[in-house]
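# Notes for the structure review
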Amino acid sequence: AQSVTQLDSQVPVFEEAPVELRCNYSSSVSVYLFWYVQYPNQGLQLLLKYLSGSTLVESINGFEAEFNKSQTSFHLRKPSVHISDTAEYFCAVSLNNAGNMLTFGGGTRLMVKP
Amino acid sequence: NAGVTQTPKFRVLKTGQSMTLLCAQDMNHEYMYWYRQDPGMGLRLIHYSVGEGTTAKGEVPDGYNVSRLKKQNFLLGLESAAPSQTSVYFCASSYSLREQYFGPGTRLTVT
């Protein structure tokens, strides 16, 4: 069975600073990878995903993540964060031979300070 | 296009009471899911459905039942609520085997 580990439960950072949210997964087969964002008192929204092709994927609001197969990682980065990026971020994995289920990490709370 | 909606938004139950959570989607998605979210544990899959009339167990199915009588609706039932079922419940739907769309959640407290 696959598992997902988000190494930091909370990441405090000052506005305009860079940030990296770490995600590692374990799986014996190929996977699809996702980052979801949850703003306070809301449901989850898809931020970006890796299915195939280029290992660097980007979101429309400046986040990017890189799939590293050898390190089984899918870290999320942003070069300059805004107050509005304060949210909880979840990494998730789907097996490409099982298809219909996501396994989530425990989440990382990003706290952007002015 | 409302996406995925959940009813109710909040509920308080006493131990042993029963209730049903309703999830509805208007995107004609085949796949629907119920998750629970607990602090530090991310989201855990309770049950899911790959089409009308079908359901299957997820990671934490004990104490819950589901039904998918109509394609657009997915119901989650608690027959005898326990304090351990205090959680935030999210419904999701998907048109492919990968990307899921989430509802706003139901916050349930069992006393």
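Scroll up for the structure.
A short tour of the structure in this document, coming up. (Residues numbered from 1 in each chain as written. Chains lettered and ligands numbered in written order. Predicted model: local features only at pLDDT ≥ 70, side-chain atom pairs only at ≥ 80, totals over all residues. Heavy atoms only, no water.)

### Remarks on the overall build of chain A
- When helices and strands are tallied, chain A shows zero helices and twelve strands.
- Taken from N to C terminus, the helices and strands of chain A fall in the order β-β-β-β-β-β-β-β-β-β-β-β.
- Relative to the compact-globule value of 13 Å for 114 residues, chain A shows a C-alpha radius of gyration of 14 Å, a close match.
- Referenced to the eigenvectors of the C-alpha coordinate spread, the extents of chain A come out at roughly 45 × 30 × 25 Å.
- Going through the 114 residues of chain A one by one, you find that 46% of them count as buried.
- Partitioning the intrachain contacts of chain A with sequence separation of at least 6 by distance along the chain shows that 57% fall at a separation of at least 24.
- Surface summary for chain A: the accessible area is close to 5500 Å², and the carbon and sulfur share equals 49%. (Helix = DSSP H or I, 4+ residues; strand = E, 2+ residues; numbered from the N terminus. Rg over C-alpha atoms; globule rule 2.2 N^0.38 Å. Buried < 20%, exposed > 50% of the residue type's maximum accessible area, 1.4 Å probe, protein only. Contact = heavy atoms within 4.5 Å. Areas by Shrake-Rupley, 256 points an atom, 1.4 Å probe, with all protein chains shown as cover.)

### Things to note about the side chain of His29 of chain B
- Among the structural elements, His29 of chain B can be located in the loop between strand S3 (19–25) and strand S4 (31–37).
- What His29 of chain B contacts, discounting residues up to four positions off in sequence, is Arg68, Lys71, Ser93, Ser94, Tyr95 and Tyr101 of chain B.

### Considerations on the environment of Met32 of chain B
All names here are of chain B.
- Structurally, Met32 can be placed in strand S4.
- Taking relative accessible area as the criterion, Met32 reaches 0% and is therefore assigned buried.
- As a C-alpha pair, Met32 and Leu43 span eleven residues in sequence and 15 Å in three-dimensional space.
- Contacts of Met32, omitting those with residues within four sequence positions, involve Cys23, Gln25, Tyr48, Ser49, Arg68, Lys71, Gln72, Asn73, Phe74, Cys91, Ala92 and Ser93.

### Focus: the interface of chain A and chain B
- With 22 residues of chain A at the interface, the matching set in chain B holds 20 residues.
- Here chain A packs against chain B, burying approximately 1600 Å² in sum over the two surfaces, 56% of which is carbon and sulfur.
- For Glu99 of chain B, the salt bridge goes to Lys49 of chain A, with nearest N and O atoms at 2.8 Å.
- Contributing elements (two or more residues each) for the side of chain A that touches chain B: strand S5 (31–38), strand S6 (44–50) and strand S10 (87–95) of chain A. (Buried area = accessible area lost by both parts, 1.4 Å probe. Salt bridge = Lys/Arg side-chain N within 4 Å of Asp/Glu carboxyl O.)

### Section: the pattern of salt bridges
- Evaluation of the coordinates by the stated rule reveals eight salt bridges over all chains.
- In this structure, Asp8 of chain A engages Arg22 of chain A in a salt bridge whose closest nitrogen and oxygen atoms are separated by 3.0 Å. On the criterion of sequence distance, the pair formed by Asp8 of chain A in the loop between strand S1 (3–6) and strand S2 (10–14) and Arg22 of chain A in the loop between strand S3 (19–21) and strand S4 (23–26) is long-range, its members being 14 residues apart.
- In this structure, the salt-bridge partner of Lys71 of chain B is Glu30 of chain B, at a minimum N-O distance of 2.8 Å. Of this pair, Lys71 of chain B sits in the loop between strand S7 (65–67) and strand S8 (73–78) while Glu30 of chain B sits in the loop between S3 and S4, and the two are 41 residues apart along the sequence.
- A single network of salt bridges, built from pairs that share partners, joins Arg36, Asp38 and Arg44 of chain B.

### A look at the state of the cysteines
- One pass over the full model with this rule turns up two disulfides over all chains.
- Cys23 of chain A shares a disulfide with Cys91 of chain A; S-S distance 2.0 Å. Its S-S torsion of approximately -70° makes the covalent link between Cys23 of chain A and Cys91 of chain A left-handed. Here Cys23 of chain A, found in strand S4, pairs with Cys91 of chain A, found in strand S10; they are 68 residues apart in sequence, far enough to count as distant. Pair check on accessibility: Cys23 of chain A and Cys91 of chain A agree, each one buried.
- Shown here is the disulfide that connects Cys23 of chain B with Cys91 of chain B, its sulfur atoms set 1.8 Å apart. Taking the torsion about the S-S bond as the criterion, the Cys23 of chain B to Cys91 of chain B disulfide, at about -75°, is left-handed. (Disulfide = S-S within 2.5 Å.)

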